[in-house]
Amino acid sequence: MKEMVHHDSVGPQGGPTAPSLVDALIPCIALVILLSLSFVLFGNDASSGPNQVALLFCGIVAALVASKNGLPWAGIRQAVTEGIAAGLPAILILLAVGALIGTWAMSGTIVSMIYYGLKLLNPTYFYATAALVCAVVAFSIGSSWTVAGTIGIGLMGVAANMGLSPAITAGAVISGAYFGDKASPLSDTVNLATATAGSDIYSHIRESLWTSVPALLISLLVFALLGQPTVFDATGALAKIDGTVSVSLWSFLPLLLVFLFSVFRLPPFVAIFAGALAGALVAVLHDPESVAVFAAAPDLPLGLALLKGAWSALANGYISSTGEESIDLILTRGGMSSMMNTVWLIVTALAFGAVVEHAGLLKRLVEPLVARTKSAAGLISTVVGTSILSNVITSDQYISVALPGRLFGPSFASRGMAPVVLSRVVGDSATVTSPLVPWNSCGAYMAATLGIPTAAYASFCFFNVFSPLLAVAFGILGWRVVRTNTSEERQTNPATV
């Protein structure tokens, strides 16, 4: 993670000057105005181009502010290059998920998850069950993106067949997935938060569970209340599936492979793309006739036709032609090409965030707040606010996790608070609020993967909303505000700090 450039004074040869408060506000205000106008004018289509234009324009505004303050254009260009490069792993994962969706639609993996989900799940408790299953799996493998891109896709299909709300289902999937992202020792954001705050990972996890478990329990209760207390007859839907596509337990092999690779700590891109290739292999072995028909290449030998069909599903997604509209609607999807709008959004967002960080604009906004904060409760609330603001402005979860550790570490130490308090609060805020911002890489990923606009599902991501609220409440009440000169089980009253 690159360090933020910070200039406290004019350099000896007329070098860069520290940004003023007005300098810091100009790009931020422009971002809020343009993104709001984009949503008003284009609605849910805003992320298909208009938001990207707004982010690029605001990046240019931030670059002009940085140049006005004496930062050389070469340095600004380098910051943008490094910022986009830092997002390449996320972009590759996104492309892998697109490929996975395409081959899993072709292999029957998605429809098999829907089929058995309809048999096992009850609409009365569906949302709560979805959140709980995602939470358990995410805690086991430490990746919210992998969970959303695998189990989440199947749960969205089950919800559609049950006539349940796709927005609430997406909120349940994300709520459960981010429980693991926030509390699992295998999570990259957990490791980043502890590294930048200077805390121990297992101490961090123990502290994190104090807010994570209550937030999850409250979320499960709300999802249970949102369930539809009806008796769902899946006979018709199951009959449609049985009559049009082949369902088999073999179709779950790609899903099992992804989880095994994740448990053994292979990089998410490798695990997900391996799952995509496994989906293509299962399709070729299990139903070669459908793959050959999808290839639409009668002049090719069967082997090459099968290769073309699998290749097409990886690149451009699968087009279902069963004749059953409801089935075709679910299975016509995926492909790397389907993610290009989201890749475009991530690139422009990262470019804007890189310039803002390089110019020290976000730090300029936060420093006065830190200086005026006198109590532990106030400092914790400031960390929460800064983390959320960083997710909005920098559009990157990793910057938002790492930045508070650099900014607030000395302040926590001077007030006698243990580093684990800072890392926990960062997890309570920066990690979980990233999917609530449409132009943040996490928000863009979840919207593209689950097929629901961020603005539609955000209000149902209860875990992601309750977590920062609990962090602030704990700070005000003085719960789990661990002192550096006491054991982790001791607490202190913020009024005495």
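Below you will find a few notes about this structure. Everything numeric in this text was worked out from a predicted model, so none of it was measured. (Residues numbered from 1 in each chain as written. Predicted model: local features only at pLDDT ≥ 70, side-chain atom pairs only at ≥ 80, totals over all residues. Heavy atoms only, no water.)

Moving on to the overall build of the protein chain. Summing up its helical and strand segments, the protein chain has 25 helices and zero strands in all. Computed over the C-alpha atoms, the radius of gyration of the protein chain is 24 Å, within 12% of the 23 Å expected from 2.2 N^0.38 for a compact globule of 497 residues. Residues classed as buried in the protein chain amount to 56% of the 497 residues present. Residue pairs in contact within the protein chain that sit at least 24 positions apart in sequence constitute 77% of those at least 6 positions apart. (Helix = DSSP H or I, 4+ residues; strand = E, 2+ residues; numbered from the N terminus. Rg over C-alpha atoms; globule rule 2.2 N^0.38 Å. Buried < 20%, exposed > 50% of the residue type's maximum accessible area, 1.4 Å probe, protein only. Contact = heavy atoms within 4.5 Å.)

Counted by the stated rule, this structure contains twelve aromatic pairs. A centroid spacing of 5.8 Å and a plane angle of 55 degrees characterise the contact between Tyr 116 and Phe 252, whose relative ring orientation is tilted. Separated by 136 residues along the polypeptide, Tyr 116 in helix α5 (residues 109–120) and Phe 252 in the loop between α12 (235–244) and α13 (253–263) bring together distant segments of the chain. Ring centres 3.9 Å apart and planes at 10 degrees place the aromatic pair Trp 145 and Tyr 445 in the stacked group. Pair noted here: Trp 145 is in helix α7 (residues 144–149) and Tyr 445 is in helix α23 (residues 441–450), with a separation of 300 residues, a long-range link. Owing to a relative accessible area of 11%, Trp 145 belongs among the buried residues under this scheme. An aromatic cluster of at least three residues, connected via ring pairs, comprises Phe 223, Phe 460, Phe 462 and Phe 466. (Phe/Tyr/Trp six-rings, centres within 6.5 Å; stacked < 30°, edge-to-face > 60°.)

Turning next to a nonpolar patch on the surface. A surface patch of nonpolar side chains, about 930 Å² in accessible area, is lined by Leu 92, Trp 250, Leu 253, Leu 256, Leu 260, Val 263, Phe 264, Leu 266, Phe 269 and Val 270. Those elements that place two or more of their residues in the nonpolar patch are α13 and α14 (268–286). Among the elements that line the nonpolar patch, the one with the most residues is α13, at four residues. Examined against the element boundaries, Trp 250 turns out to sit in the loop between α12 and α13. (Patch = residues over 30% accessible without salt bridge, like charges linked within 9 Å, V, L, I, M, F, W, Y side chains within 5 Å. Areas by Shrake-Rupley, 256 points an atom, 1.4 Å probe, with all protein chains shown as cover. Salt bridge = Lys/Arg side-chain N within 4 Å of Asp/Glu carboxyl O.)

Glancing now at the packing of helix α4 (residues 88–107) against α14. Contact pair α4 / α14: the axes reach a minimum separation of 8 Å and the direction vectors enclose 20 degrees. Regarding the angle of α4 to α14, the classification is roughly parallel. Helix-helix and strand crossings are classified by hand; for α4 and α14 the assignment is left-handed. Note on element contacts: α14 touches α4 through Pro 268, Phe 269, Ile 272, Phe 273, Gly 275, Ala 276, Gly 279, Ala 280, Val 282, Ala 283 and His 286, opposite Leu 92, Ile 93, Ala 96, Val 97, Ala 99, Leu 100, Thr 103, Trp 104, Met 106 and Ser 107. (Axes fitted to C-alpha atoms, helices over the stretch in contact; angles between N-to-C directions. Parallel < 35°, antiparallel > 145°, perpendicular 65-115°, else oblique. Left-handed = near helix turned anticlockwise from the far one by under 90°.)

Viewed as axis vectors pointing N to C, helix α20 (residues 376–393) and helix α25 (residues 462–477) meet at an angle of 165 degrees, and their least axial separation amounts to 8 Å. Here α20 lies roughly antiparallel to α25, going by the angle between them. Crossing handedness for the pair α20 and α25: right-handed. In this structure, α20 contributes Ala 377, Ile 380, Ser 381 and Val 384 to the contact, and α25 contributes Pro 468, Ala 471, Val 472, Gly 475 and Ile 476.

Moving on, we come to the environment of Pro 453. Within the fold, Pro 453 resides in the loop between α23 and α24 (454–457). Through-space distance from the C-alpha of Pro 453 to that of Ala 46 is 9.9 Å; in sequence the pair is 407 residues apart. The contacts of Pro 453, once residues within four sequence positions are left out, are Asn 44 and Ala 447.

Moving on to the pattern of salt bridges. For the structure shown, the criterion picks out four salt bridges. Where Arg 480 meets Glu 207, a salt bridge forms, and the shortest distance between an N and an O atom there is 2.5 Å. Of this pair, Arg 480 sits in the segment after α25 while Glu 207 sits in helix α11 (residues 201–226), and the two are 273 residues apart along the sequence. The salt bridge partner of Arg 424 is Asp 428, with a shortest N-O separation of 3.1 Å. Here Arg 424 and its partner Asp 428 are both found in helix α22 (residues 419–433), four residues apart, which amounts to about one turn of the helix. Residue Arg 424 shares its accessibility class with Asp 428, and that shared class is buried. One network of salt bridges, in which partners are shared, links Lys 182, Arg 424 and Asp 428.

So, on to unusual backbone geometry. Of note, the phi angle at Ala 296 is positive, near 50 degrees, even though the residue is not glycine. For Ala 296, the location among the structural elements is in the loop between α15 (288–295) and α16 (302–316). What makes Ala 296 exposed here is its relative accessible area of 57%. In this model, Arg 480 sits at a positive phi of 55 degrees, which is unusual for a non-glycine residue. Using a relative accessible area of 3% as the deciding quantity, one classes Arg 480 as buried.

Here we take up helix α6 (residues 126–141). The end-to-end C-alpha distance of α6 is 22 Å, a good match for the 22 Å that 16 residues give at a rise of 1.5 Å each. Taken together, the buried residues of α6 touch α7, α8 (151–162), α9 (166–183), α11 and α13. Once α6 ends, the next one or two residues include Gly 142, with phi positive near 75 degrees. (Expected span 1.5 Å × (residues − 1).)

Compared with the 28 Å implied by 1.5 Å per residue over 20 residues, the 28 Å span of α4 between its first and last C-alpha is a close match. Of all the 20 residues making up α4, 17 are buried; the element is thus mostly covered by neighbouring parts of the structure. Downstream of α4 by a residue or two, Gly 108 has a phi angle that is positive, lying close to 95 degrees.

Turning our eyes to something else, we now look at the nonpolar core. Judged by nonpolar contacts, the single largest core of 146 residues is most densely connected at Ile 110, Leu 118, Phe 408 and Phe 412. If you tally residues by element for this core, the top one is α4, at 13 residues. Those residues in contact with Phe 412 that lie beyond four places of it in its chain are Leu 379, Ile 380, Val 383, Met 417, Ala 418, Val 421 and Leu 422. (Core = buried A, V, L, I, M, F, W, Y, C linked by side-chain atoms within 4.5 Å.)

This part takes up the side chain of Asn 69. Residue placement: Asn 69 occurs in the loop between α2 (50–68) and α3 (73–86). Its relative accessible area of 9% is what places Asn 69 among the buried residues. A polar contact is formed between the side chain of Asn 69 and the side chain of Asp 23, at a distance of 3.2 Å. Excluding its chain neighbours within four sequence positions, the residues that come into contact with Asn 69 are Gly 15, Pro 16, Thr 17, Pro 19 and Asp 23. (Polar contact = N/O pair within 3.5 Å; in protein donor to acceptor, adjacent residues only side chain to side chain.)

This part covers the environment of Ser 143. Examined against the element boundaries, Ser 143 turns out to sit in the loop between α6 and α7. Linking Ser 143 and Ile 388, residues 245 residues apart in sequence, is a C-alpha distance of 20 Å.

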